[in-house]
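Residue strings, one per chain:
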Amino acid sequence: MADIQTLYQEAIRFAAEKHGPQKVKGSKNPYVVHLSNVAMELFIAARRTPGMDLSLAIQVALLHDTIEDTQTTKAELEETFSTDVAEGVWALTRDQRLLRDYRLTDSLAKIRQCPKEVWAVKLADRITNLQTPPKSWSKSHKREYLFDSMQILEALMGGNEYLEKRLKAKIEEYNKYV
Ligand code: NI
């Protein structure tokens, strides 16, 4: 098994190539900024989470949007990385064939079938995304985002104590925008 630094580099390079010119929503930053922020949350969480498989968590973190937002397939992730990584990313992918309102619930149900590392990636993803909302967002959009965040926290209780606490605090903070 390669060391974590090597796995990190391979995954972020793959993700950077796949996401290409995509930017972090509402900013001019390249998409990998979001991905590395999610990975950073997991590095910190791992120090407080006995038994966490950091290799799996980091790879899934860096690749978590490749199926949803790029041409990457589950089979390709399986071949390039591992079945566990591919399954994790697949669970984190919203099924575009479903009506919008059902996509999050469906993804959360899939995540709950996965190892706790995948739960942790979803928690870290939302922690990272709960920042000052873009000016263009309406109040109802912000409320919806907050509601989705609470749904994520509730569905993934027991996934990672440290990240749950962080997400809870972020949600409380976000309340000032709605
Ligand atoms: Ni994300």
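Residues numbered from 1 in each chain as written. Predicted model: local features only at pLDDT ≥ 70, side-chain atom pairs only at ≥ 80, totals over all residues. Heavy atoms only, no water.

**Q** For the coordination of the nickel ion, give the residues involved together with the corresponding values.
**A** Here the nickel ion is held by the protein donor atoms His-34 (NE2), His-64 (NE2), Asp-65 (OD) and Asp-125 (OD), which lie 2.1 to 2.7 Å from it. Binding-site remark: the nickel ion is held by donors from one chain whose sequence spacing is H-x29-H-D-x59-D. Here His-64, found in the loop between α3 (54-63) and α4 (66-69), pairs with Asp-125, found in helix α8 (residues 116-129); they are 61 residues apart in sequence, far enough to count as distant. Taken individually, His-64 and Asp-125 each receive the classification buried, so the pair is uniform in this respect. (Donors = N, O, S within 2.8 Å, 3.2 Å for Na, K, Ca; no water. Helix = DSSP H or I, 4+ residues; strand = E, 2+ residues; numbered from the N terminus. Buried < 20%, exposed > 50% of the residue type's maximum accessible area, 1.4 Å probe, protein only.)

**Q** Lay out the packing of helix α7 (residues 100-111) against helix α9 (residues 139-155) with the relevant residues and their values.
**A** It is the contact of α7 with α9, at a shortest axis distance of 10 Å, that shows an interaxial angle of 20°. Considering the angle they form, α7 stands roughly parallel to α9. Like other packed secondary-structure pairs, α7 and α9 cross with a definite hand, here right-handed. Facing Leu-104, Thr-105 and Leu-108 of α7, the residues of α9 in contact are Asp-148, Gln-151, Ile-152 and Ala-155. Residues that form the contact of α7 with α9 fall into these classes: 4 nonpolar, 2 polar and 1 charged. (Axes fitted to C-alpha atoms, helices over the stretch in contact; angles between N-to-C directions. Parallel < 35°, antiparallel > 145°, perpendicular 65-115°, else oblique. Left-handed = near helix turned anticlockwise from the far one by under 90°. Contact = heavy atoms within 4.5 Å. Nonpolar A, V, L, I, M, F, W, Y, C, P; charged D, E, K, R; others polar.)

**Q** Can you explain the packing of aromatic side chains? Please cite residues and give values.
**A** By convention here, two paired aromatic rings are described through the distance between centres and the angle between planes. Applying the stated rule across the entire model yields 5 aromatic pairs. Arranged with centres 5.2 Å apart and planes meeting at 65°, the rings of Tyr-174 and Tyr-177 form a pair that is edge-to-face. On the basis of relative accessible area, Tyr-177 is assigned to the partly exposed category, the value being 22%. Every member of this aromatic cluster is reached through a ring pair, and the members are Trp-137, Tyr-145, Tyr-174 and Tyr-177. A cation over an aromatic ring shows up here: Lys-116 above the ring of Trp-119, its NZ or CZ 4.9 Å from the ring centre. The ring of Tyr-145 carries Arg-126 above its face, with NZ or CZ at 4.1 Å from the centroid. (Phe/Tyr/Trp six-rings, centres within 6.5 Å; stacked < 30°, edge-to-face > 60°. Lys NZ or Arg CZ within 6 Å of the ring centre and 35° of its normal.)

**Q** Can you lay out the environment of Glu-117 for me, pointing to particular residues and giving the numbers?
**A** Mapped onto the secondary structure, Glu-117 falls in helix α8. For Glu-117, a relative accessible area of 10% gives the class buried. Through-space distance from the C-alpha of Glu-117 to that of Met-52 is 6.9 Å; in sequence the pair is 65 residues apart. Not counting chain neighbours up to four residues away, the residues in contact with Glu-117 comprise Gly-51, Met-52, Asp-53, Leu-56 and Ala-57. Within the local environment of Glu-117, its side chain forms a polar contact with the backbone nitrogen of Asp-53, the two atoms lying 2.7 Å apart. (Polar contact = N/O pair within 3.5 Å; in protein donor to acceptor, adjacent residues only side chain to side chain.)

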